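Examination of the molecular architecture
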Protein chains: 4
Amino acid sequence: MAHAGEDRRAPAARPLRRDAERNRQRILRAAAEVFTARGLQASLDEVARHAGVGVGTVYRRFPDKESLVEALFAERVQAMVGLAERALAAPDSWTGLISFLEDGATLLARDRALTEIFMYGRYGHGRVRRARDQMLPAVTRLVQRAQRDGTLRADFTPTDVPVIEFMLATAAGYAGQARPEIWRRYLTLITDGLRPSRDQPSPLPCDALSPAEIAATMRSALQHQPVPAWPQRH
Amino acid sequence: MAHAGEDRRAPAARPLRRDAERNRQRILRAAAEVFTARGLQASLDEVARHAGVGVGTVYRRFPDKESLVEALFAERVQAMVGLAERALAAPDSWTGLISFLEDGATLLARDRALTEIFMYGRYGHGRVRRARDQMLPAVTRLVQRAQRDGTLRADFTPTDVPVIEFMLATAAGYAGQARPEIWRRYLTLITDGLRPSRDQPSPLPCDALSPAEIAATMRSALQHQPVPAWPQRH
Amino acid sequence: MAHAGEDRRAPAARPLRRDAERNRQRILRAAAEVFTARGLQASLDEVARHAGVGVGTVYRRFPDKESLVEALFAERVQAMVGLAERALAAPDSWTGLISFLEDGATLLARDRALTEIFMYGRYGHGRVRRARDQMLPAVTRLVQRAQRDGTLRADFTPTDVPVIEFMLATAAGYAGQARPEIWRRYLTLITDGLRPSRDQPSPLPCDALSPAEIAATMRSALQHQPVPAWPQRH
Amino acid sequence: MAHAGEDRRAPAARPLRRDAERNRQRILRAAAEVFTARGLQASLDEVARHAGVGVGTVYRRFPDKESLVEALFAERVQAMVGLAERALAAPDSWTGLISFLEDGATLLARDRALTEIFMYGRYGHGRVRRARDQMLPAVTRLVQRAQRDGTLRADFTPTDVPVIEFMLATAAGYAGQARPEIWRRYLTLITDGLRPSRDQPSPLPCDALSPAEIAATMRSALQHQPVPAWPQRH
DNA sequence: GATGAATGAGTATTCATTCAT
DNA sequence: GATGAATGAATACTCATTCAT
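Conventions used here
Residues numbered from 1 in each chain as written. Chains lettered and ligands numbered in written order. Predicted model: local features only at pLDDT ≥ 70, side-chain atom pairs only at ≥ 80, totals over all residues. Helix = DSSP H or I, 4+ residues; strand = E, 2+ residues; numbered from the N terminus. Buried ≥ 20, exposed ≤ 12 C-beta atoms within 10 Å, placed from the backbone. Contact = placed C-beta atoms within 7 Å. Near = placed C-beta within 6 Å. Nonpolar A, V, L, I, M, F, W, Y, C, P; charged D, E, K, R; others polar. Expected span 1.5 Å × (residues − 1). Core = buried A, V, L, I, M, F, W, Y, C linked by C-beta atoms within 7 Å. Axes fitted to C-alpha atoms, helices over the stretch in contact; angles between N-to-C directions. Left-handed = near helix turned anticlockwise from the far one by under 90°. pLDDT = per-residue confidence, 0-100.

The subject of this paragraph is the overall build of chain A. Across its full length, chain A holds ten helices and zero strands. Mapped in sequence order, the helices and strands of chain A form the string α-α-α-α-α-α-α-α-α-α. Counting over 234 residues, chain A shows a buried share of 43%. Partitioning the contacts of chain A with sequence separation of at least 6, the portion at a separation of at least 24 is 70%.

Below, the structure written as C-alpha cells:
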C-alpha cells in the first residue's frame, strides 16, 4: 500500500517513533487549516509556524510540498472511499448513492485547496491518483446497484460521480464562506435529473469519461508543458 | 465604453500607432494562450517571451498584471453578456436559456484562467466587475421570461445561472484537453432537472445566492485573512 | 528596548544562533560600507554580495530594506544620543555643547547614508524616529545648561543643533574622502557666532524649527506629491 | 564656451531653430519643476510629460539624463556667477559678500535636486564644473576686496563660500517647504563669526579646500567605484 | 524634427528546498 | 531527530535609452 518516495515512512513502512508520528499529524492538521484558508499558494513556512514546528521538520516528514499536499489530499480521498463503502451498506440503493454525493460534497465544500488541486492540478500525481483508483470501484458498485434496482437512469456512469462532486465543490468554493451549503441546491437539481422514472429524460449527449481518461487527464494537467511557441514575425 | 486607468489607451482613447496596436494584439493573444494553458500564475515574463516582445512592452500597454488580465477577461465577459442578450431574441424562452448556458459553457471550457478569475477573483475588479454587473440583468430577463412562459421551474433563480456555468467549466477543466465537450453531459443532467413539467420536482433545499452575496464573495476572496493561530502544545 | 517588527529578532528577543549572529553582523557591516559609499539607493543585492551571503539571508534577518537601514541607522542615532548624554557630564557647559557638536559631526562625516536618511527620510520611521525623539531632550538639556551659565547666546534653540550637525555633514560630504575633517573649519566659524560675549551679536532673523516642524518635515519628505501640471501650450 | 557632448547644440554651436529652442526651454523649465519637487530620481518620462513633449524630444535635446541635469544645474551656477559679479559692484565690500551668500542661498533653497547634485554628486562633471570654475574667480575678488577693506577675517578663503552655500542649502532642504527661509538663521550665525572685529576670533582649525581639491572631490564623487570587497571567510 | 513604442537590465521581495548546528 | 539559517531562482514592476514611424 505504501509507495516509495511519497513520504519518508515509505521505504520500510516502519512505524514512526511516537513523537515523530505526533508531529506528522500536527503538520497535516496545520497544513489542512492553512491550505484550506489560504489555498495552495500558502508557504510551508506558514504551515510549519502554524504547526509549531520548524520547516526542517516538515521536510523530514514530507520530502517536498507536493508530497505534503498529496498526503493531505490522499487522506481525504481515502475518506471518500470510506464513505462510498459505507454507502453500499445503505438499505436503499438510491439513498445510498445520493448520500454519498452529499457526504463527499460536504468534505469538499469549504476546502479551497482541495478544489485547487482538482481543478488546476499542480499537485496530485502519486497517492492521490491511487486513492482515487480505489474510489472508482466502490462508486461503481454503488452505481450499478442503483441501476439494477431501477432507481438510477441507465446511462449514468460511475465516472460521473467524481465529476459531479467537483462541480458541487466548485459551487461551494464560489459561494465561499458566506454560504458554504449552497451546493445542496445544485445537488438537488442534478439528482432530479438522475431518476429514470422521469418523463422523457433527455439522452446524454456524450459518453462519460472512461477511467483511463480520468487518469490521463490528471497526468497531463501536471506536465508543465511549454506553451507552444509562436512563429516569430519580427 | 472605455474606462480610465484600465489600459494605457484609456485617457484619450486615441488610436494606437499601427505597430503598437499590432503588438498589443500580439500580447493579448499570447496572454490568452499562456494564461489559458498555465493559469493566472503564469508570469508576465513568460507572456512577453511568448509574444516575442520585451517585458517592458507588456508593461507599456498594461500598467500591471491585473490590467492585462482584466483586458483579456473583460472581452470575454462582454462576449457572454452579448450571448445573454442574443438569447433573449430566441423565439422559445426555454431554448433561449439553455442555449445561453451552452454557449457560455463553450466559452468557459478549456479556459482555465477565466474560471480562476471567476472563482478566486484575485484579479478583475475594474471592467470585469462592470461587465459582470451587466450580465446578471440580462440573465434575469432570460430567466423571468422562461418562468413567465412556464418553461422553467419557479424556484430557479438568476444567480443560479453563473454558478451552473462555473460548474460546467469545472467539469470541462477536469476533463481537460482529452474531452473538452464533456460538460454537455452534465448540462443535460441539470437541464433535465429544470423543467417544471417534471413529476414531483424536489424542492430546492436552500436559497440561491443573492446578487449581494456574489459581490461579497468576490470581495472576500481578496482578503489575506490570517489563519487563526493554534494553541501551541509544545 | 527591542521593538516588534523591526528585525526578525524582535518578537521573542531570543538570541540568534551563533552562525546567524555572525552573519547578521556581517550583513550590517557590509550594509554600512555599501550604503556609506554609494548612498541608500544601493541595492540589497549589492549588500548581500559584499557580505558574501545570498540575498535571502539578508531578507531573513531584515524583513525589508527599510528595516536594514533602520537597524543600521538606529544604532548610530543611539550613539549620538549617548554622546549628548555624556556631554551633559562635562564640567564646562560650553565645552559640553561644543564637544557634542564635534563628536556628532565626526559620526556624520563620511557617512553619506546617514545624511540621506536625515535629510530625505525615505527610510527611518521606526526605531530611527524613536531614537531621534530621545535626542532632542538630551540636546535641550545641554543647550539650557549652557544658556543658564551664560556661555551660549540666548536666542539659540535646541533644534538648531541637529540642523548644524547636518550642515557640517554636508560640508564633510562635499569635501569627500579628500578632506574628511574639513567640517571643523565651519564648526569653528559657527561656534564663534554662538558666544553671547561677542560685541553686538546680530539678532537671528527667524525662529528656529519647532520640534513639531521637524517631525512634519520628515513626514512630508515621504509623500510622492504630484508635480502640479502645467498649462499645455501645444 | 560650448563643450562637445553636453547637449546637442554643441558641435557647431549653430543656433537652434526657433521651435527647437522653445522646446529646449520648455524641457528645462519642466525639468526644473519636476526635479525640484521630486528630486533627481524623477524619470525623464515624467519630465517629458510635464513639458508636454515626447521623451524622444528630450533625448534629442539632451543626449542623456546626466546632460539635462547638468544643463539645469549649469544655468544655476551661471546665475550664481552673475550674482557674484553683481555683488562686486556693491559700494560696501562686506555687504557685497553677505548679499551674495544670501542670494546664492535663496537660489539653492527649496531646490532638492540642486542639493542632491552637490551632496551626492551622481551628476555634474561637465559644464557644472566649468561653471563653478567661473564662479571661484569672482568669489575670490569678492573675498579679497572685503579682506583688503578689513571687513572680513583674514583666514577666510574663497573656497569657503561655496561650502557655506551648500551648508545653507542643506538647512533649507532639511526644513523643506514648511520653512524655506530657515537658512537665514544659520547664515546670520555664520556671518557673525566672519567679522574680524570680533574679540578673540578662534583660529580656524584646518585649511580650506584648495580649488584643486574641490575639483578632485567632484570627480571622485562620480566614479561608481565598487565598494572594496571583503575577505570572504565562508 | 518630433513622437512615443520597444527594450532589457535592474530592484525589492518571496519561497521551495538544503544543510549546518 | 528537530531546528531554523542559508540559498538563489523567480516574480512584479521601473526606467534610461534607442529606434521605427
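Time to look at the protein's contact with DNA strand E. DNA strand E sits among 41 residues. The nearest are N23 and G56 of chain B, S43 of chain C together with G54 and G56 of chain D. Each residue belonging to the surface near DNA strand E can be placed in one class, and the counts come to 14 nonpolar, twelve polar and 15 charged.

We now examine helix α5 (residues 93-108) of chain B. Residue and element names in this part refer to chain B. For α5, spanning 16 residues, the distance from its first C-alpha to its last is 23 Å, which sits close to the expected 22 Å at 1.5 Å a residue. Every buried residue belonging to α5 is among S93, G96, L97, I98, F100, L101, G104, A105 and L108, and all of these are buried. Positive phi shows up at R110, right after α5, with a value of about 70 degrees.

All right, on to helix α1 (residues 18-38) of chain D then. Residue and element names in this part refer to chain D. Its 21 residues give α1 an end-to-end C-alpha distance of 30 Å, which sits within 8% of 30 Å, the value for a rise of 1.5 Å per residue. Taken together, the buried positions of α1 are R24, I27, A30, A31, V34, F35 and A37. G39 lies just past α1 and shows a positive phi near 85 degrees.

Soluble globular proteins tend to pack their nonpolar side chains together in the buried interior. Counting residues in hydrophobic clusters, the biggest one holds 132 residues, and the most contacted among them are L168, A171 and A172 of chain A together with L168 and A171 of chain B. Not counting the four nearest positions on each side in its chain, A171 of chain A is found in contact with I182, W183 and Y186 of chain A together with V163 and M167 of chain B. One finds A113 and V143 of chain C together with A74 and M167 of chain D within the second-largest nonpolar core, a separate group that totals 131 residues.

Around DNA strand F sit 41 residues, and of these G54 and G56 of chain A, S43 of chain B together with N23 and G56 of chain C come closest. When its residues are assigned to classes, the surface near DNA strand F shows 14 nonpolar, twelve polar and 15 charged.

In this section: the packing of helix α5 (residues 93-108) of chain D against helix α7 (residues 127-149) of chain D. Residues and elements named next belong to chain D. Viewed as axis vectors pointing N to C, α5 and α7 meet at an angle of 145 degrees, and their least axial separation amounts to 8 Å. Of the two possible hands of crossing, α5 and α7 adopt the one that is left-handed. Side by side, α5 and α7 meet where S93, W94, G96, L97 and F100 of the first sit next to L142, V143, R145, A146 and D149 of the second. Here the residues of the contact of α5 with α7 sort into six nonpolar, two polar and two charged.

Let us look at the environment of A90 of chain A. All names here are of chain A. Within the fold, A90 resides in the loop between α4 (65-88) and α5 (93-108). Since 16 C-beta atoms lie within 10 Å of it, A90 is described here as partly exposed. Expressed as a C-alpha distance, the spacing of A90 and A71, which sit 19 residues apart in the sequence, is 29 Å. Beyond its immediate chain neighbours, meaning those up to four positions away, A90 contacts T95, G96 and S99.

As a further point, take the environment of H125 of chain C. Tracing the sequence through the fold places H125 of chain C in the loop between α6 (112-120) and α7 (127-149). Judged by the 14 C-beta atoms lying within 10 Å of it, H125 of chain C is partly exposed.

Positionally, I27 of chain A belongs in helix α1 (residues 18-38). Here I27 of chain A is in contact with V47, A51, V53, V58 and R61 of chain A, once residues within four sequence places are set aside.

As a note on interpretation, predicted positions should not be read in detail where pLDDT is low. Overall, the predicted model of chain A reaches an average pLDDT of 80, with 79% of residues at or above 70. Throughout residues 1-5 of chain A the model reports pLDDT below 50, and contacts reaching past four residues in sequence, or to other chains, amount to nine contacts.

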